[in-house]
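# Notes for the structure review
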Amino acid sequence: CPWCPYGADTLEAILAARNDVRVLAYHGGSSSEPLQTTEGNQIPAKLQLQGYPQASIDRVIWNFGGGNYARCVSRGLWNPLVGVRGSGGVHLSPLSLTVSGFVDTTTHTITVNITGNILVDMPYACNINVILSESDIMVPQVFTPDGKSTVLLNPYYHKHVVRKMVTGVEGDTLTTIGYTAGQSFQHQVVWTMPSWWKKDKMELTVFVDRMQGTDFL
């Protein structure tokens with residue numbers, strides 16, 4: 001994808017400007033894509049991806065009026081929608097998460113301990129997701145600097161690449177009936193990483209999805 005470096009630059013600008021954003025970069029779109037994963041290949045359809053690069057902001061279905069709805073949007077909308085999410089209202093999180101854990105440097109096993117505190121009623125099914133991503137992975141990248149011709153960027157260092165959806169594509173089930181304000185939950189995830197992953201370049205992302213069947217809401 002010769003347009004993806006533009007998307008990467010947009011994401012880095014958002015991260016530089018905000019401290020409340022986490023990026024997960026799913027690579028795919030081609031059977032020869034070296035950074036694709038089995039779970040990551042299932043995400044585009046679930047998030048209704050229309051092309052690369054697009055992003056789903058908090059997996060929200062955005063209403064642009066006139067019957068125009070979208071879950072994945074092009075890079076010109078990423079920063080404005082992150083700003084909408086950060087402004088509160090219906091996009092405020094109904095729960096808080098506290099995450100702790102450790103890595104066994106001998107076995108390369110990670111243990112993640114999660115505590116969730118419910119802030120407002122959540123009368124719906126919820127899954128929890130634990131995802132590992134890695135930055136500074138060197139893979140050559142095609143690029144269209146002038147919008148016409150294509151060049152190869154080599155070296156090119158990819159950031160926030162999803163390495164493993166530890167809890168699977170849909171996450172682990174937390175509840176099928178929902179929670180009421182004041183409740184809490186605890187969840188633990190244990191998983192062993194490949195020894196060659198650069199652990200000092202990795203990020204752990206934890207979030208909760210509202211579910212309807214196998215669909216994210």
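Just above sits the structure.
What this report covers is the structure whose coordinates are included nearby. (Residues numbered from 1 in each chain as written. Predicted model: local features only at pLDDT ≥ 70, side-chain atom pairs only at ≥ 80, totals over all residues. Heavy atoms only, no water.)

### Overview of the overall build of the protein
Each helix and strand counted, the protein has three helices and 16 strands in total. The C-alpha radius of gyration computed for the protein amounts to 18 Å, which stays within 12% of the reference 17 Å derived for 217 residues, consistent with globular compactness. Dimensions along the principal axes, computed over C-alpha positions, put the protein at roughly 55 × 55 × 30 Å. Within the protein, buried positions represent 39% of all 217 residues. Taking as baseline every contact in the protein between residues at least 6 positions apart, the subset at least 24 positions apart corresponds to 69%. Carbon and sulfur atoms form 51% of the exposed surface of the protein, whose accessible area is close to 11,700 Å². Between the centroid of the 15 positive side chains of the protein and the centroid of its 17 negative side chains there is a distance of 3 Å. (Helix = DSSP H or I, 4+ residues; strand = E, 2+ residues; numbered from the N terminus. Rg over C-alpha atoms; globule rule 2.2 N^0.38 Å. Buried < 20%, exposed > 50% of the residue type's maximum accessible area, 1.4 Å probe, protein only. Contact = heavy atoms within 4.5 Å. Areas by Shrake-Rupley, 256 points an atom, 1.4 Å probe, with all protein chains shown as cover. Lys, Arg positive; Asp, Glu negative; His and termini not counted. Charge placed at Lys NZ, Arg CZ, Asp CG, Glu CD.)

### As for the packing of aromatic side chains
Per the counting criterion, the structure on display carries four aromatic pairs. The interplanar angle of 50° and the centroid separation of 5.1 Å between the aromatic rings of Tyr6 and Phe143 together place this pair among those described as tilted. Taken together, the residues Tyr6 in helix 1 (residues 4-17) and Phe143 in strand 9 (residues 141-143) connect sequence positions 137 residues apart. Accessibility expressed as a relative area gives 17% for Phe143, which makes it buried. (Phe/Tyr/Trp six-rings, centres within 6.5 Å; stacked < 30°, edge-to-face > 60°.)

### A short note on empty space enclosed by the protein
Any empty space left between atoms is shown by rolling a water-sized probe over those atoms. Tallied over the entire structure, the rule returns one cavity of 30 Å³ or more. The computed volume of the largest cavity comes to approximately 30 Å³. Contributing to the lining of the largest cavity are Ala25, Tyr26, His27, Leu35, Gln36, Thr37, Gly40 and Val162. When grouped by side-chain class, the residues that make up the lining of the largest cavity number four nonpolar, four polar and no charged. (1 Å grid on protein atoms, 1.4 Å probe; cavity = no way out; pocket = protein on both sides within 12 Å on 5 of 7 lines; lining within 4 Å. Points joined across faces, edges and corners; volume = space filled by probe spheres on them. Nonpolar A, V, L, I, M, F, W, Y, C, P; charged D, E, K, R; others polar.)

### Here's the deal with the nonpolar core
Counting 21 residues, the largest nonpolar core has Met122, Leu132, Phe185, Trp191 and Met193 as its most contacted members. Looking at this core, the elements that each hand over two or more residues are strand 6 (109-118), strand 7 (125-134), strand 14 (184-192) and strand 15 (202-212). The contact partners of Met122, leaving out residues within four places of it in the chain, are Pro94, Leu95, Gly178 and Tyr179. If you look at the next biggest cluster of nonpolar residues, it comprises eleven residues, including Ile14, Ala70, Val73 and Trp78. (Core = buried A, V, L, I, M, F, W, Y, C linked by side-chain atoms within 4.5 Å.)

### Side note on the sheet that holds strand 5 (residues 95-104)
Within the open sheet, the three strands sit side by side as 5-6-14. Their pairing is antiparallel. Two strands bound the open sheet, and with one partner strand each, they are strand 5 and strand 14. Strand-to-strand twist of the sheet, defined as the mean angle between neighbouring strand axes without regard to direction, takes the value 15°. Strand direction decides the pairing type here: strand 5 and strand 6, joined by ten bridges, are antiparallel. Looking across to strand 6, one finds that Ser96 is bridged to Asn117. (Pairing = 2+ DSSP bridges. Axes fitted to C-alpha atoms, helices over the stretch in contact; angles between N-to-C directions.)

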